[in-house]
Amino acid sequence: MANSHSISLALSILAFTSHVGTGFAAPVATASSLSPLLGYSPSNTLVNENTNNIQYSLAPGQTSDANIGAYLDFENIANPQPIRGTKGGTGPGPRASEYDRINSDKLAPPGTDHGDVANAQWPMVSNRCRLGQSGAGWSRQQNVGVLPAATAMAGVDMRLEPGAYRELHWHKAAEWALILNGTVRIQAIDENGRTFVDDLSKGDVWFFPAGIPHSLQGLSGGCEFLLVFDDGSFSEDNTFLASEVFAHNPKEVLSKNLNLNVSAFDNIPPNELFIFPGTPAPTDITKQNVTVTAGIIPKASSFSYHFSEQKPMEVAGGSVKIIDPTNFPIATKFSAALVTVKPGAIREIHWHTTSDEWNFFLAGKARISVFAAEGNARTFDYRAGDCGYIPKAMTHYVENVGTEDVVFVEVLQADHFSDIALGQWLALTPKQIAQDTLHLSNATLASLSKAKQYIVQGPVVATTAAISLSVTSTATTKPSTPKPSKSTAKAISTTTKA
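About the thresholds
- Residues numbered from 1 in each chain as written.
- Predicted model: local features only at pLDDT ≥ 70, side-chain atom pairs only at ≥ 80, totals over all residues.
- Heavy atoms only, no water.
- Buried < 20%, exposed > 50% of the residue type's maximum accessible area, 1.4 Å probe, protein only.
- Helix = DSSP H or I, 4+ residues; strand = E, 2+ residues; numbered from the N terminus.
- Pairing = 2+ DSSP bridges.
- Axes fitted to C-alpha atoms, helices over the stretch in contact; angles between N-to-C directions.
- 1 Å grid on protein atoms, 1.4 Å probe; cavity = no way out; pocket = protein on both sides within 12 Å on 5 of 7 lines; lining within 4 Å.
- Points joined across faces, edges and corners; volume = space filled by probe spheres on them.
- Nonpolar A, V, L, I, M, F, W, Y, C, P; charged D, E, K, R; others polar.

Draft legend 1. Here's a closer look at the pairing of strand β7 (residues 154-160). Of all seven residues making up β7, seven are buried, and the element is well covered by its neighbours. Burial along β7 is two-sided: A154, V156, M158 and L160 facing one way and G155, D157 and R159 facing the other are all buried. As defined by bridge partners, strand β6 (residues 137-142) adjoins β7 across six bridges and the pair is classed as antiparallel. Bridge assignment links W138 to a residue of β7, and that residue is R159. Across seven bridges, the pairing between β7 and strand β12 (residues 214-229) is antiparallel. Bridge pairing in β12 links M158 to F225.

Draft legend 2. How the structure looks around the sheet that holds strand β25 (residues 406-413). Pairing in this open sheet of seven strands is antiparallel, and the strands run β4-β23-β20-β25-β18-β17-β16 from one edge to the other. Every other strand in the sheet has two partners, leaving β4 (121-123) and β16 (313-315) as the edge strands with one partner each. Going from strand to strand, the sheet's axes swing by 20° on average, the running direction of each strand aside. Taken together, the six bridges between strand β20 (residues 357-363) and β25 define a ladder with antiparallel strand orientation.

Draft legend 3. A look at the layout of surface pockets. When its volume is computed, the second largest pocket comes out at roughly 560 Å³. Lining the second largest pocket are 25 residues, with T195, F196, V197, D198 and I297 positioned closest to its centre. Counting only elements with at least two residues in the lining of the second largest pocket, the list comes to β9 (175-189), β10 (195-201) and β15 (304-305). Partitioned by chemical class, the residues of the lining of the second largest pocket number 13 nonpolar, 10 polar and two charged.

Draft legend 4. Structural detail: the pairing of strand β11 (residues 205-208). Here β11 shows a buried face lined by V205 and F207 and a second buried face lined by W206 and F208. Two elements, β9 and β11, share four bridges in a ladder whose sense is antiparallel. In the sheet register, W176 faces β11, and the bridge partner there is F207. By the bridge criterion, two bridges tie β11 to β15 in an arrangement that is antiparallel. Across the sheet, residue V205 finds its bridge partner in β15, namely Y305.

What follows is the structure, given as structure tokens:
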């Protein structure tokens, strides 16, 4: 065992070597100078602090039964706290209150949450923007790097200014796209040399199988679109670009391959172009039709689908539009629904039997509870621009918790769009079995719809006053006897539409 002299010597050497080359003589720590600060010492002083001396507000319903699980609107709550019913307590901080206000179900989860479920929510705005050249546009992506549960699909949000290109390229993964706004011209060829060109606008969809080379160009007014890839580890950095194919093959080889003089390649780009400004596309699309012996891509194999022109299925609480290989054959494993949920309504509790679900929110405020079996459940909050991911077979709903329509797209890796609805399942189960299992009355079971509803309309929750508390006493102060505040919640206004 080392004696006190050896410990003191070691500490002195450590202090000396830590300051070699700094240009000044630093004080040397010794065992004798450190010992009063390590562990208990009679000379230590304890600084008592009243950590309950904080001011905060409680949202309407925050002191109610936690198992009811009503949505807590923290939008205009001062210093929101992790309290739900009789559970939780105050938190003096430090905390990012702005984040708490838009994620109330993380700060004060409903009592029905239990255990742990992999994160199912990620704001696309939290990702780094990759900037195009000369103000031509940008992109940002979501993959397993930021949402580890999303193993089967990844997403990209991309912007092209008028006339800007996403340069000629292809991917190892298949690409499904939904246009969020504006207009774009897409162009491609297939393995047989057949050509394709089409103009698409807000709400339309395209699909390129893995390996199919294509380009995109923003038309008048530019465009923004959502890309979904069938690989959770997909990265934009791994795209095969035409500029790099030319930059990274010897010019002598390019000369032989294309039967051109080496000087023909004197001005090729030295690096990737990615997104760059270009010559505006001709208004007449036929001027860009390349006619060859192989012909053009036939209608049945079209790379585009004018989803914006499909009539939605109207239901009590909103509407649903479905696109899958039954009406867009080329997208063999991509099935999707564009869903609008009215205020107070809910995309009914359901699950998918064969696929994970990747979703993206276009408008409104929503929340989703994911039940992952074995007693594990977790609730997440979503806003426009957020991605969501729910693994296969896990139940979930999408509840509109705001005052405007919630619009989102849910994407599956499946040969047709399908789900199993909780309500329909119970309605089609013999009443005795359901009653013995869940202790529901015959009248309750008889009221269930035998048809899939997709969206169920509920009451629009009225805005009421928040509760303000000024807590200066001990932790025994209860948040159940507050004085009302004059502040009221404000409605959120979003102009994005699907």
